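A structural walkthrough
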Amino acid sequence: MADTALHRSPLAHARDRLAAATRASGGAVRLAELPFLTQVNVRLDAKSGAADALGLPLEPDTAVREGDLTTLWLGPDEWLLVGPPGNAGRLEDRVRDAAGDEPVAVTDVSAQRTTLLVSGSRARDLLAHGCPLDLHPRAFGPGRCAQTTLGRTQVVVVARDRPDAGFWVLVRSSFAGYLTDWLLDAATEYL
């Protein structure tokens with residue numbers, strides 16, 4: 001289990017700016033980093049017993065939440081398990097146990113990305129400034145996810161399980177600063 005107290009999040013330098021924009025928007029947008037979430041990439045046959053045992057979603061572009069774990073469908077044989085910080089080893093063991101002798105690839109990618117929370121009454125509008133997805137709730141409502149671009153940056157966008165919970169934007173750590181600047185600039189319309 002990683003001790004996150006010893007590490008600096010990719011957006012630690014932007015925490016105050018994100019909080020200031022949230023306050024200035026009067027609830028229209030809320031921007032915050034959710035640092036150090038556990039992210040485990042899983043590759044296996046969707047028709048395997050392991051996929052069934054793990055309850056992996058088989059419908060494209062779906063996100064399923066069970067307790068503190070969210071499972072994202074990324075492709076026909078690829079999922080991303082997202083949970084609280086420090087749980088990568090436990091999740092990796094769970095996947096390997098379910099797979100048994102079946103072929104599986106399990107990779108801790110927690111350090112690869114950070115997560116931005118984008119919520120508030122204008123969250124969809126803010127994301128729509130730079131995202132090619134149809135973000136209308138009928139097309140991209142709670143429980144949906146997609147690999148896409150936002151502000152010319154590759155991201156995974158997740159519509160949280162409740163409409164008021166907003167979105168997670170998973171972005172590579174090396175692009176997090178750029179995307180944060182882009183979001184803050186786009187959010188000026190709501191400040």
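Heads up: these notes are all about the structure in this document.

Thresholds, definitions, all that
- Residue numbers here run from 1 along each chain, matching the order of that chain's written sequence.
- This being a predicted model, a pLDDT of at least 70 is required before a residue's local features are given, and a value of 80 or more before pairs of side-chain atoms are given or counted; all residues contribute to the totals for chains, interfaces and linings.
- Hydrogens are left out, water is left out, and the side-chain values use all remaining heavy atoms of the structure.
- Helical segments are the DSSP runs of H or I of at least four residues, strand segments are the runs of E of at least two, and each set is numbered from the N terminus.
- The contact criterion used throughout is that any non-hydrogen atoms of two residues lie within 4.5 Å.
- Cavity: a set of points on a 1 Å grid over the protein atoms alone where a 1.4 Å probe fits but cannot get out. Pocket: an open set with protein on both sides within 12 Å along at least five of seven lines, its lining residues, like those of a cavity, having an atom within 4 Å of a point.
- Grid points are joined across faces, edges and corners, and a volume is the space filled by probe spheres set on the points.
- Ten residues, namely Ala, Val, Leu, Ile, Met, Phe, Trp, Tyr, Cys and Pro, are considered nonpolar, four, namely Asp, Glu, Lys and Arg, are considered charged, and the remaining ones, Gly among them, are considered polar.
- For two strands to count as paired, DSSP must find a minimum of two bridges between them.
- Angular values range over 0 to 180 degrees, each being the angle between N-to-C directions of two axes fitted as lines to C-alpha atoms, with helices fitted over their stretch in contact.
- Residue burial is assigned from relative accessible area. The probe radius is 1.4 Å, only protein chains are included, and a residue is buried under 20% of its type maximum, exposed over 50%, and partly exposed in between.
- Two N or O atoms form a polar contact when they lie within 3.5 Å of each other; inside protein one atom must be a possible hydrogen donor and the other a possible acceptor, and for residues adjacent in sequence the pair counts only when both atoms belong to side chains.
- Nonpolar cores were defined as sets of buried Ala, Val, Leu, Ile, Met, Phe, Trp, Tyr and Cys residues, with membership established by side-chain atoms within 4.5 Å.

1. Focus: the environment of A176
One can find A176 in helix α5 (residues 173-187). Taking the C-alpha atoms as reference points, A176 and R15, 161 residues apart in sequence, are found 12 Å from one another. What A176 contacts, discounting residues up to four positions off in sequence, is P10, L11, T114 and V171.

2. Focus: the layout of surface pockets
Vacant regions in the atomic arrangement are exposed by a probe of water-molecule size rolled over the atoms. Here the second largest pocket defines a volume of roughly 200 Å³. What lines the second largest pocket is a set of 13 residues, and nearest its centre among them are R113, Q147, Q154, V156 and R172. Only β8 (145-150), β9 (153-159) and β10 (167-172) provide two or more residues apiece to the lining of the second largest pocket. The residue makeup of the lining of the second largest pocket, split by class, is five nonpolar, five polar and three charged.

3. Remarks on the sheet that holds strand β5 (residues 78-83)
The pairing of strands in a sheet comes from backbone hydrogen bonds and takes either a parallel or an antiparallel form. The antiparallel open sheet is built from five strands, whose spatial order is β3-β4-β5-β2-β6. Taken across any chain shown, the strands that pair with only one partner, and hence form the sheet edges, are β3 (63-66) and β6 (104-108). On average, each strand axis in the sheet is inclined to that of its neighbour by 20°, with strand direction left out of account. In the sheet, strand β2 (residues 38-44) pairs with β5 via six bridges, with the strands oriented antiparallel. Bridged to V42 within β5 is W79. Its contacts with the sheet put helix α3 (residues 88-99) on β2, β4 (69-75), β5 and β6, and the angle it makes with β6 is roughly 175°.

4. Thoughts on the side chain of T114
Locating T114 in the fold gives a position in strand β7 (residues 113-119). T114 sits in the buried class, given a relative accessible area of 2%. Looking at T114, its side chain comes within polar contact range of the side chain of E33, at 2.6 Å. Ignoring any residue separated from it by four or fewer positions in sequence, one finds T114 in contact with P10, L11, E33, L34, P35, V169, L170, V171, S173 and A176.

5. Quick look at the nonpolar core
Across soluble globular proteins, nonpolar side chains have a tendency to be buried as a group. One finds L126, L150, L179 and L183 to be the most contacted residues of the largest nonpolar core, which totals 31 residues. The set of elements that each furnish at least two residues to this core consists of α1 (15-24), β7, α4 (123-128), β8, β9, β10 and α5. Of all the elements, α5 adds the most residues to this core, at seven residues.

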